[in-house]
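# Coordinates in review
Okay, here's what each chain looks like letter by letter:
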Amino acid sequence: MLDHQLEPAAPTALVRSLGVVGVLFLTLSVTSPVSSLFVIVPGMLRVAGTGAIWAMLLAGIVCVATAYVYAELSSAWPVAGGEYVMVARTLGPLAGFVMLGVNVFNNLLFPPAIGLGLASILAAVIPGLPAVPLAVAVIAGSTVIALLQIRVNAWVTGVFLLIEVLAVVAVVMLGFGQGVRPFAAMLAQPTMLADIGNSLVPASAASIGLATSIAIFALNGYGAAVYFGEEMHEAPRKIARAIFWAVGLTLALEAVPMAAILVGAPDLVTLFASDDPFGLLVRLRAGDAAADWIAIGVAVAIVNAIIACILACARFFYGTARDRCWGRPIDQLLVAIHPRFASPWISTLIVGGAGIACCFLPLELLLVLSGTGLVVIYAGIALALIAGRRSGMLANAPFKSPLYPLMPALTLVALGYIVWLNWLDLEEGRPGLLMTGAQILLSAAYYWLILRRRGVWDVHVPSLVK
């Protein structure tokens, strides 16, 4: 028997059916600016008070720089595997597989982590909702939706995004409509909640720096466009546009309403101490019924993010199986494409099943297991851009990051500061860094002990001329 007859048949390709708008809807849904606004941004306000405005501006600069890095690499390799393909191509297979391993944890743990928070979001509307059954039901339903054709999912997430944006518009109108303090004054003299006593003190540079690291995480997700690159028409030429629209809209949908509640809140001390500052403002200005509708809008945002994350994660695993990461039986299952919906349906079911199983783990454990993988992912693509430029592999990339090497350098400097801040945080930050280190070692061990022994591991880049 000839050697080539032992090779498995080439997997069925994903169908290109998306334009810039479709990819943008899906990417914004992964980013989920509204859920970040209501869940993550309050942490910025507690840490830095009105200094969160400067933190958001600084984080915006870093994220725009990182978006340029994503845009250039994605224009060269708009592949479903995402970041690990970029890193493997430029930094080698070991670095690429480490990136893959870190992404496995980040992609699989995100849906259950945010799903378990749904019950608390809806507590004021429907008290007593059980967290685990609700999360299981939402992830199961989201998995069924994710099985559908990608264009259908793009429009479903687009409708959900419209509902989210309406919630943001309501907050902005209530905040700016009854402003009680000038925005310029908060920029000139930022204040924060004092450690002792219910009073305001000048915001420190350290507090603004910590809030900046939180803001970077809140704005994350715009790079997810690359996961849909193989289903996008003319992806090399157009994918950068989707990434920049995603980062710009995400920044606007988080920064503008944050500024609005700071301008319109009657009492900043109460606002900064609140676990739900946006809901607090809505209740004060428009009553309980309006606040309940806003909570429903946030819940819709979380469900939308779960759907989009399952879509992206399924394509990620499709890419890993096409690159023969898990062994022939598993790889052949994960690359299966549904004959009617053109979706990687077995990968989708496995991602959804893993998410449901993780719902039975404590939320605190999920957060620790997810670690600080975003730091590794951003650092990996920044180094990949530098290596790709030096080797000439990016010479023909349709999009070029301007002012090279400013964009990757800015990303790396910001990440170094985030690592330092996390190491100082003994309760959450340092355990997260240690968990991410464990993921790196585990991934490297799998590569050396299993994958490398099968021969040369290389990543597959499909034909891009479509």
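In the block above lies the structure referred to throughout.
Attention in this report is confined to the structure presented alongside it. In this text the structure is predicted, and so the values were computed from the model without any measurement. Within each chain, residue numbers correspond to sequence positions counted from 1 in written order. The predicted nature of this model means local features are confined to residues of pLDDT at least 70 and side-chain atom pairs, given and counted, to a pLDDT of 80 or more, with totals for whole chains, interfaces and linings taken over all residues. The basis for every side-chain value is the complete set of non-hydrogen atoms in the structure, without hydrogens or water.

### Details of the packing of helix α7 (residues 93–115) against helix α20 (residues 373–391)
For the record, the criterion: Throughout, an axis means a line fitted to C-alpha atoms (over the contacting stretch in the case of helices), and angles, computed between N-to-C directions, take values from 0 to 180 degrees. Helix numbering and strand numbering both begin at the N terminus, where a helix is a DSSP run of H or I of at least 4 residues and a strand a DSSP run of E of at least 2. The hand of a helix crossing depends on one turn: near helix anticlockwise from the far one by less than a right angle means left-handed, and clockwise means right-handed. Note on definitions: a residue-residue contact is assigned when non-hydrogen atoms from the two residues lie within 4.5 Å. Side-chain classes follow a simple rule in which Ala, Val, Leu, Ile, Met, Phe, Trp, Tyr, Cys and Pro form the nonpolar group, Asp, Glu, Lys and Arg form the charged group, and the remainder, Gly included, forms the polar group.
At a closest axis distance of 9 Å, the pairing of α7 and α20 adopts a crossing angle of 145°. α20 is crossed by α7, and the crossing has left-handed handedness. Every residue of α20 that contacts α7 at M99, V102, N103 and N106 is listed here: G373, L374, V376, I377, G380 and I381. For the contact of α7 with α20, the residue count by class is six nonpolar, four polar and no charged.

### Here's the deal with the nonpolar core
Inclusion rule: Only buried residues count toward a nonpolar core, which is a set of Ala, Val, Leu, Ile, Met, Phe, Trp, Tyr and Cys residues joined through side-chain atoms within 4.5 Å. When a residue's accessible area, from a 1.4 Å probe over protein chains only, is under 20% of the maximum for its type it is buried; when over 50% it is exposed; and in between it is partly exposed.
Counting 136 residues, the largest nonpolar core has M44, L73, Y222 and W457 as its most contacted members. Considering every element that reaches this core, the biggest residue donor is helix α16 (residues 288–322), with 15 residues. With sequence-adjacent residues up to four places away left out, W457 is seen in contact with Y84, A88, P93, G96, F97, L100, D323, R324, C325, Y447 and L451. Counting seven residues, the second largest nonpolar core, distinct from the first, contains L14, A80, A321 and V335.

### Observations regarding α7
Keep this limit in mind: Expected span, for any helix, means 1.5 Å times one less than how many residues it has. Values of bend correspond, residue by residue, to the angle between axes fitted over the seven residues ending at that residue and the seven starting there.
An ideal rise of 1.5 Å per residue puts 33 Å on 23 residues; α7 measures up with 34 Å between its terminal C-alpha atoms. Maximal helix bending in α7 amounts to about 35°, located at L109; proline P111 follows within four positions.

### Digging into the pattern of salt bridges
Our working definition: The term salt bridge refers to a side-chain nitrogen of Lys or Arg lying within 4 Å of a carboxyl oxygen of Asp or Glu.
Across all of its chains, the model carries eight salt bridges by this definition. Among the salt bridges present, the one from R46 reaches D275, with a minimum N-O distance of 3.8 Å. Of this pair, R46 sits in helix α4 (residues 41–48) while D275 sits in the loop between α14 (268–273) and α15 (277–286), and the two are 229 residues apart along the sequence. Note on R46: relative accessible area 38%, which makes it partly exposed. With a relative accessible area of 65%, D275 lands in the exposed category. E234 is the salt-bridge partner of K238, the closest N and O atoms lying 3.3 Å from each other. It is possible to trace a salt-bridge network through shared partners that takes in E234, R237 and K238.

### Topic: α20
Its 19 residues give α20 an end-to-end C-alpha distance of 27 Å, which sits within 8% of 27 Å, the value for a rise of 1.5 Å per residue. Two residues or fewer past α20, G392 is found with a positive phi of approximately 85°.

### A word on the side chain of S74
Tracing the backbone through its elements, the reader meets S74 in helix α5 (residues 52–76). Owing to a relative accessible area of 0%, S74 belongs among the buried residues under this scheme. Every residue in contact with S74, bar those within four places of it in the chain, is listed here: M86, V226, I239 and I243.

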